[in-house]
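Examining the three-dimensional arrangement
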Amino acid sequence: MEPEINILSGGLPVLPKPADTTGETAPKYGFLSDINKDFNPVPSKLSLEERFKLIRSIGPECVQEDELLERLKEPRLLRAYDGFEPSGRMHIAQGILRAINVNKLVDAGCVFIFWVADWFALLNNKFNGDLEKIKLVGRYFIEVWRAAGMKMSNVQFLWASEEINKKSQQYWMTVMDIARKNTISRIKRCATIMGRNEGDDLSTAQLLYPCMQCTDIFFLNIDICQLGIDQRKVNILAREYKTEGKKPIILSHDMILGLLEGQVKMSKSNPDSAIFVEDTEEDIKRKIKKAFCKEKEVKDNPIMDYVKNIIMQARSEFVIERPEKWGGNLKYTSYEDFEKDYVEGKIHPGDLKPSVARVINELIEPIRKHFETNEEAKRLLETIRSFKTE
């Protein structure tokens with residue numbers, strides 16, 4: 001059943017009636033209607049040095065650090081952002097890692113803008129361009145982040161379609177100016193931001209996509225572009241375009257490796273390549289047990305990647321549980337110490353994997369429980385899942 005469109009709510013879809021409906025109108029989703037109900041920005045209580053250090057812990061790349069430090073000295077809340085295409089299931093990097101990084105920026109005194117890129121998903125042909133489905137998936141993403149413990153006081157969600165229509169002339173004039181000042185080959189180099197390759201046969205809409213994403217940064221008055229390293233090309237394009245005044249700061253986090261050998265990133269098309277936020281405890285144990293994890297090797301090792309970029313970011317300590325006959329439990333408060341022991345062979349993958357699965361399950365449990373026990377959230381997830389079978 002296709003989602004209904006409620007004109008009075010701005011054209012946003014409401015969920016379809018349950019299959020066993022008695023004919024009554026499906027209830028409105030109160031927790032979905034006001035996606036910014038908790039938005040009430042508060043400044044940071046940390047020192048300048050602490051704020052800088054916290055922000056820099058998010059990822060390996062910052063362009064440029066001196067600009068970030070100077071911007072943090074300004075007596076205002078900096079504006080950071082990420083845009084996301086509503087595109088089906090959410091894996092652990094989108095759910096848990098994104099919540100971790102947003103909370104760091106909130107604690108550092110930033111306002112985080114989530115650009116719900118519904119029009120972008122349409123341009124990239126997600127759900128065959130069905131905008132109603134795209135919007136419902138966007139609402140599902142937002143509900144996941146709430147359940148994951150994201151600090152919503154400094155987080156604002158903006159629908160691209162709504163905001164662009166409010167100031168359409170300003171937006172599209174910037175899009176056209178960026179397109180006018182760049183060659184097709186330069187724009188095609190940004191194709192990776194859409195999960196495409198530069199040499200792919202791109203549609204005209206997909207050529208427009210990087211110009212729009214570049215425009216978003218200026219349209220939203222962004223200080224910090226906090227996206228994955230796979231988005232850096234369009235962020236660099238924005239810095240190149242901004243020839244006068246303050247340039248946007250690029251703060252890139254690493255991409256999480258896929259769980260199978262040789263996978264440089266997670267893939268939604270292969271369920272075993274990633275942990276998804278609705279996976280059961282049994283799913284998680286099975287996937288982690290099956291995951292590639294070469295003994296004493298850190299490079300291209302997804303289990304080590306999970307420990308570094310998810311577990312040690314979410315927890316102050318990581319305990320590897322082992323029988324006493326094999327030396328008993330190991331406790332780590334720094335990734336560096338953990339990595340050293342792994343490389344030296346003091347930790348075996350057979351001991352590491354069950355502990356990684358245990359912690360990952362604990363991180364996902366609040367999300368899973370919310371979608372199991374909250375009837376509105378449960379029906380939302382059921383609706384999203386039904387899209388895959390159509």
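These figures come from a predicted structure and were not determined experimentally.

Another aspect to go through is the confidence of the model for the chain. When pLDDT is averaged along the chain, the result is 87, and 89% of the positions lie at 70 or above. Model confidence for the chain, summarised as mean pLDDT per element, is weakest for strand E1 (residues 4–5) at 38 and strongest for helix H2 (residues 48–56) at 98. Per-residue pLDDT stays below 50 along residues 1–32; that stretch engages in 65 contacts with residues further than four places along the chain or on separate chains.

Before going further, it helps to spend a moment on the packing of helix H6 (residues 131–147) against helix H15 (residues 349–373). The relative placement of two packed helices is expressed as an angle between their axes plus a distance between the axes. One way to put it is that H6 packs onto H15 with a least axis distance of 8 Å and a crossing angle of 125 degrees. What the angle tells us is that H6 and H15 run oblique. H6 and H15 meet at a crossing whose hand is right-handed. Contact with H6, carried on its side by Tyr 140, Glu 143, Val 144 and Ala 147, involves Pro 366, Ile 367, His 370 and Phe 371 of H15 and no other residues of that element.

Our focus in this paragraph is the sheet that holds strand E3 (residues 61–63). The mixed open sheet is built from six strands, whose spatial order is E3-E8-E7-E4-E5-E6. In the strand order of this sheet, the two ends are held by E3 and strand E6 (155–159), each with one partner. Put simply, the sheet's adjacent strands are angled 20 degrees from each other on average, direction ignored. As paired elements, strand E7 (residues 224–228) and strand E8 (residues 249–253) share five bridges and run parallel to each other. Pairing of Ile 224 across the sheet is with Ile 249, part of E8. Helix-sheet contacts for helix H10 (residues 204–219) involve strand E4 (78–84), strand E5 (110–116) and E7, and the interaxial angle to E4 is about 155 degrees. Relative to E8, helix H11 (residues 232–241) is tilted by about 175 degrees, and along the sheet it contacts E3, E7 and E8.

Most peptide bonds take the trans form, and the phi angle of most residues other than glycine is negative. The linkage connecting Val 63 with the following residue, Gln 64, adopts the cis geometry, with an omega of 0 degrees. Its location among the elements puts Gln 64 in the loop between E3 and helix H3 (65–72). Of note in the backbone geometry, Phe 127 takes a positive phi value of approximately 50 degrees without being a glycine. A relative accessible area of 23% means that Phe 127 is categorised as partly exposed. Phi at Asn 221 takes a positive value of approximately 55 degrees, unusual for a residue other than glycine. Mapped onto the fold, Asn 221 is located in the loop between H10 and E7. A relative accessible area of 54% means that Asn 221 is categorised as exposed.

For E6, the tally of buried residues reaches five of five residues, placing the bulk of the element in the interior. Every second residue of E6 is oriented toward a common face, with Val 155, Phe 157 and Trp 159 on one face and Gln 156 and Leu 158 on the other, all of them buried. Here E5 pairs with E6 via five bridges, running parallel. Bridging across to E6, Phe 114 finds its partner in Phe 157.

A rise of 1.5 Å per residue sets the reference length of helix H13 (residues 302–314), with its 13 residues, at 18 Å; its end C-alpha atoms lie 17 Å apart and thus fit the reference within 8%. Bending of H13 peaks at approximately 30 degrees at the position of Lys 308. Counting buried positions over the 13 residues of H13 gives 10, a clear majority of the element. Buried within H13 are the following residues: Pro 302, Ile 303, Met 304, Asp 305, Tyr 306, Val 307, Asn 309, Ile 310, Ile 311 and Met 312. For H13, the elements touching its buried residues are helix H4 (92–107), helix H12 (281–290), strand E9 (318–320), strand E10 (330–332), helix H14 (335–343) and H15.

What follows is about the pattern of salt bridges. Under the defined criterion, the tally for this structure stands at 28 salt bridges. Note that Glu 67 and Arg 239 form a salt bridge whose closest N and O atoms lie 3.0 Å from each other. On the criterion of sequence distance, the pair formed by Glu 67 in helix H3 and Arg 239 in helix H11 is long-range, its members being 172 residues apart. Its relative accessible area of 10% is what places Arg 239 among the buried residues. Arg 71 is the salt-bridge partner of Asp 223, the closest N and O atoms lying 3.0 Å from each other. With Asp 223 in the loop between H10 and E7 and Arg 71 in helix H3, this pair connects stretches of sequence that are 152 residues apart. Note on Asp 223: relative accessible area 5%, which makes it buried. The exposure class of Arg 71 is buried, given its relative accessible area of 5%. Through salt bridges with shared partners, one network takes in Arg 71, Glu 74, Arg 76, Asp 223 and Lys 246.

Calculation rules
Residues numbered from 1 in each chain as written. Predicted model: local features only at pLDDT ≥ 70, side-chain atom pairs only at ≥ 80, totals over all residues. Heavy atoms only, no water. pLDDT = per-residue confidence, 0-100. Helix = DSSP H or I, 4+ residues; strand = E, 2+ residues; numbered from the N terminus. Contact = heavy atoms within 4.5 Å. Axes fitted to C-alpha atoms, helices over the stretch in contact; angles between N-to-C directions. Parallel < 35°, antiparallel > 145°, perpendicular 65-115°, else oblique. Left-handed = near helix turned anticlockwise from the far one by under 90°. Pairing = 2+ DSSP bridges. Buried < 20%, exposed > 50% of the residue type's maximum accessible area, 1.4 Å probe, protein only. Expected span 1.5 Å × (residues − 1). Bend = angle between axes of the 7 residues up to and from the residue. Salt bridge = Lys/Arg side-chain N within 4 Å of Asp/Glu carboxyl O.

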